[in-house]
Amino acid sequence: MMENNMAQATMGAKLDALPNKPGGGPAASGGIKLSSRDVRVFYGDNEALHGVSMDVMANEVVAFIGPSGCGKSTFLRCFNRMNDTVAGARVTGQITLDGRDIHDHAIDVVQLRAQVGMVFQKPNPFPKPIYENVAYGPRLHGLTSSKSELDQIVESSLRRAGLWEEVKDRLDAPGTGLSGGQQQRLCIARAIAVSPDVILMDEPCSALDPIATAKIEELIHELKENYTIIIVTHNMQQAARVSDRTAFFHLGDLIELGTTSQIFTTPKQQRTEDYVTGRYG
Amino acid sequence: MSNLAVVAVLLVLVAVAYQIGLARSRGVALASGVRMHSLPRYHGLLVVLNAALPAIAVYLLWSLFGGSVIEAMVLASLPPEQIPADELQQRVVLQRIQNLASGFGMLGEAQAYEQAAAAYLQSLTTTGQAVTAALMATVAALGLFWSWRGTTPQTRARNKVERAIEIGLIACSAIAIFTTVGIVLSMLGETIRFFQFINPADFFFGTVWNPRFETVGTSGQEGFGLLPLLSGTLLIMIIAMAVAVPLGLMIAIYLAEYAPYHVRNVAKPAIEVLAGIPTVVYGVFALVTVGPFLAGMGELLGVNIRATSALTAGVVMGMMIIPFISSLSDDIITQVPKAMRDGSLALGGTKAETIVKVVLPAALPGIVGAILLGVSKAIGETMIGHGRRQLSGADGQPVRIGFHHHGVHHQPVDRRPGFRQPAVAGGLRPRTDAVRDDAGAQCHRAGGGAQVPRTIRVINDEPTH
Ligand SMILES: Nc1ncnc2c1ncn2[C@@H]1O[C@H](COP(=O)(O)OP(=O)(O)O)[C@@H](O)[C@H]1O
Ligand SMILES: [Mg+2]
């Protein structure tokens, strides 16, 4: 079973699956997709995350909530090893994707990041045409052999990101010229163009207006079909709307993890209750 | 009334006017009880502008025109038979009078009429300065008073001050533009005179650059073709860019993306030192080290490269402009937001892919700017490099000095008719500015910043070796 998942996780398997099976996620819905054990993150000598353990199931949406600076982003970046790019950051503990240790030498960080996509707080399209933004990932990984295949990926990614109708006539226009909400959807399209299994979203709506936010939330609902999503949010309503389970962090600790309705209605921890009822945060 | 005193008085005026403006606007605000349109500091600044600007204008007018008006008056006061018709001679006479008036030494005995003129000049200057000072005080006081009276709650002091700042900035830009225009115009006159002697077609399409001057009796052999100059410059520049652009860019990428913090802190200033080394030092380096090295390399490859070739010049100049490209590009690459890099890295891009596909394109406009700056520096140096002069030695014998960007060149130059220096000896060509219709007269050597300008003589160079 584990061997099976691993095989599917390799680039080769994804390549085969790509054109007709969007997402390329494992068929075994409901299995453990990501798991962390005693993950600690140090910035220099400062321990920002104090040993977090949790499992994330395939095709579920997990929301991370908690006051600013509690380590949500830090923990999120562990899953695609983006902390490697932060000078002075050090990660200990074990993180597995489909049962494989992502810090293992056998796993290439490039392939890991192709499998675990990320959307950032501030939309960060490249200063390139819209088409090139979406085609960037597939080109990097050599996912396509022809221009028409690439066109197809770009179109399907933009469609799934709900942006196609708005930009199909101006694919040559720079991505930076779109509105904030469109830029963020472009970044989502860019992330799903390499058909990852997991999408990490770090406060994807914090720079957007309510209408653009609603669009992204709608999108998350649709993406759930094919992807495992972890979303960091400051907006409790948003967590309640989009997520299946919610994790509450405080000062570098995972305080409580439960189904979203349980966290928001009957939290077990006093600190969780204080936070979700707005007593602090 | 020295300039320093004027500046000091103006500063005092500014300070006083500002305080008056502050106090006045507060007074008006209190008295009227209404909210002022502008903050007190803007009223203060407005009073400063109203008081100081007219005074400065008066002073500028005096500085610009006072001298020539006085000169004209002095000249008119001279006995008619002493006024030369020629303008140049008039200047000489005036210079003598001015020297006399200011107590400098002068050649020959001072004539009585010169003494009188000098005294007249002095009295005129004193009066003029007194009048200017009085005028400045008056307009400043008027401006102050006018502005003081005009301070009301409705006075749009902020807008006026902002407008004044804008005008000041425009004036600064205008100075730069007018300087450019002025340079072009001043060249225009010389150019027209030059083309009266030399056929433009010969100049632009001629292939011989060998300026001689009628005064030294060698007419008939001269050539004023621009092409060899241009091709030499271009060749050196292209070689320099071929060296500097790749090296500079790689250095910039290393510094910005790969170098650890402490390495960058040491390496960057160390590279920038290259930009501070005087041209002459590069010249010696080229001559003593790079030239022979390249010649040796050439020998190994079976190619004949002379130590003084354009290759040497280009390579050394390339090294010289590396810091322009590396330092500026490094700054620009560092400016590319981290979010852009993260976007690429999170998609699985490697560091190098991220740099090539995202960071460099984003930094491209700035990098092009850095390269252009390098190019212009290279062109400038090559132009300067075309200087070759002869200095008169202590014994009166001409000493042959080839001056070019890499310093003093001591190779004998054959000037027999029919023999021309090959074009690749890029640096070995006389500067165009040596071409003057009053040739044989003194001309200053420009360029070669590290050396003291000296007066040199352009002379016939036949008998040197
Ligand atoms: N690059 C960094 N260098 C040093 N400390 C950092 C860095 N990023 C985050 N931290 C620290 O780690 C803690 C957690 O930060 P973060 O994960 O960004 O919090 P959150 O996303 O929950 O607001 C904070 O105390 C923050 O100061
Ligand atoms: Mg955060």
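Residues numbered from 1 in each chain as written. Chains lettered and ligands numbered in written order. Predicted model: local features only at pLDDT ≥ 70, side-chain atom pairs only at ≥ 80, totals over all residues. Heavy atoms only, no water.

Peer 1: With reference to specific residues and values, describe the site of ligand 1.
Peer 2: Residue and element names in this part refer to chain A. Contacts to ligand 1 come from Tyr43, Ala48, Ser68, Gly69, Cys70, Gly71, Lys72, Ser73, Thr74 and Val86. Lys72 is positioned such that a nitrogen or oxygen atom in its backbone is 2.9 Å from an oxygen atom of ligand 1. Here ligand 1 loses 61% of its free accessible area of 560 Å² to cover by the protein chains. With 3 residues, the top contributor of residues to the shell around ligand 1 is helix α3 (residues 72-78). Looking at the shell around ligand 1, its residues break down into 4 nonpolar, 5 polar and 1 charged. (Near = heavy atom within 4 Å. Polar contact = N/O pair within 3.5 Å; in protein donor to acceptor, adjacent residues only side chain to side chain. Areas by Shrake-Rupley, 256 points an atom, 1.4 Å probe, with all protein chains shown as cover. Helix = DSSP H or I, 4+ residues; strand = E, 2+ residues; numbered from the N terminus. Nonpolar A, V, L, I, M, F, W, Y, C, P; charged D, E, K, R; others polar.)

Peer 1: So, the packing of aromatic side chains: which residues are in play, and what are the values?
Peer 2: The description of an aromatic ring pair rests on the distance of the ring centres and on the angle between the ring planes. Counting across every chain of the model gives 12 aromatic pairs over all chains. A ring pair is formed by Phe195 of chain B and Phe203 of chain B, whose centres lie 5.5 Å apart and whose planes are at 70°; its orientation type is edge-to-face. What makes Phe203 of chain B buried here is its relative accessible area of 11%. Three or more aromatic residues joined by ring pairs make a cluster, and in this case those are Phe64, Phe75, Phe79 and Phe249 of chain A. Just above the ring of Phe126 of chain A sits the side chain of Arg190 of chain A; from NZ or CZ to the centre is 4.3 Å. Just above the ring of Trp148 of chain B sits the side chain of Arg24 of chain B; from NZ or CZ to the centre is 4.1 Å. (Phe/Tyr/Trp six-rings, centres within 6.5 Å; stacked < 30°, edge-to-face > 60°. Buried < 20%, exposed > 50% of the residue type's maximum accessible area, 1.4 Å probe, protein only. Lys NZ or Arg CZ within 6 Å of the ring centre and 35° of its normal.)

Peer 1: Talk me through the interface of chain B and chain A; I want residue IDs and the actual numbers.
Peer 2: Taken together, the contact pairs 17 residues of chain B with 20 residues of chain A. Carbon and sulfur atoms supply 67% of the area buried between chain B and chain A, which totals about 1500 Å² over both sides. Among the residues of chain B in contact with chain A, Ala346, Leu347 and Lys357 of chain B are the three that bury the most area, contributing 40% of the side total. Scanning the region where chain B abuts chain A turns up 0 salt bridges. At the junction of chain B with chain A, the criterion picks out 4 residue pairs in polar contact (both at pLDDT 80 or more). Those elements that place two or more of their residues in the side of chain B that touches chain A are α11 (338-346) and α12 (351-385) of chain B. For the side of chain B that touches chain A, the element with the most residues is α11 of chain B, which contributes 8 residues. (Contact = heavy atoms within 4.5 Å. Buried area = accessible area lost by both parts, 1.4 Å probe. Salt bridge = Lys/Arg side-chain N within 4 Å of Asp/Glu carboxyl O.)

Peer 1: Hey, could you go over the pairing of strand β2 (residues 46-57) of chain A for me, with residue numbers and the actual values?
Peer 2: All names here are of chain A. With 9 bridges joining them, strand β1 (residues 32-43) and β2 adopt antiparallel strand pairing. Across the sheet, the residue bridging to Ser36 is Met54, located in β2. The hairpin formed by β1 and β2 contains 2 residues between the paired strands, and Gly44 there has a positive phi angle of roughly 65°. (Pairing = 2+ DSSP bridges.)

Peer 1: For the sheet that holds strand β6 (residues 116-119) of chain A, give the residues involved together with the corresponding values.
Peer 2: All names here are of chain A. Ordered in space as β6-β7-β8-β3-β9-β10, the 6 strands form an open sheet in which the pairing is mixed. Sheet topology places β6 and β10 (253-259) at the edges, where each strand pairs with a single neighbour. Sheet twist, expressed as the average angle between the axes of neighbouring strands with direction ignored, equals 15°. (Axes fitted to C-alpha atoms, helices over the stretch in contact; angles between N-to-C directions.)

Peer 1: For unusual backbone geometry, give the residues involved together with the corresponding values.
Peer 2: Residue and element names in this part refer to chain A. A positive phi angle, close to 60°, is found at Asn59, a residue other than glycine. Within the fold, Asn59 resides in the loop between β2 and β3 (61-65). For Ser195, which is not glycine, the phi torsion reads 40° and is therefore positive. Along the chain, the position of Ser195 falls in the loop between α8 (180-192) and β7 (198-202).

Peer 1: Please give an account of the sheet that holds strand β5 (residues 100-101) of chain A that cites residues and values.
Peer 2: Residues and elements named next belong to chain A. Strand order in the open sheet formed by 4 strands is β2-β1-β4-β5, with antiparallel pairing between adjacent strands. The open sheet terminates on both sides in strands that have one partner only, identified here as β2 and β5. Relative to β5, strand β4 (residues 89-97) runs antiparallel, the two sharing 2 bridges. Bridged to Leu97 within β5 is Arg100.

Peer 1: Before we move on, can you summarise the pattern of salt bridges with the specific residues and values?
Peer 2: When their charged atoms lie close together, side chains carrying opposite charge are able to pair. All names here are of chain A. Counted according to the given criterion, the structure contains 24 salt bridges over all chains. One salt bridge connects Arg245 with Glu60, and the closest N-O pair in it is separated by 2.7 Å. Taken together, the residues span a long stretch of sequence, with Arg245 in strand β9 (residues 245-250) and Glu60 in the loop between β2 and β3 at a distance of 185 residues. In terms of burial, Arg245 and Glu60 fall into one category: buried. Across the salt bridge formed by Arg185 and Glu166, the nearest N and O atoms sit 2.9 Å from each other. One end of the pair, Arg185, is in helix α8; the other, Glu166, is in helix α7 (residues 164-167), and 19 residues separate them in sequence. What makes Arg185 buried here is its relative accessible area of 5%. Accessibility expressed as a relative area gives 31% for Glu166, which makes it partly exposed.

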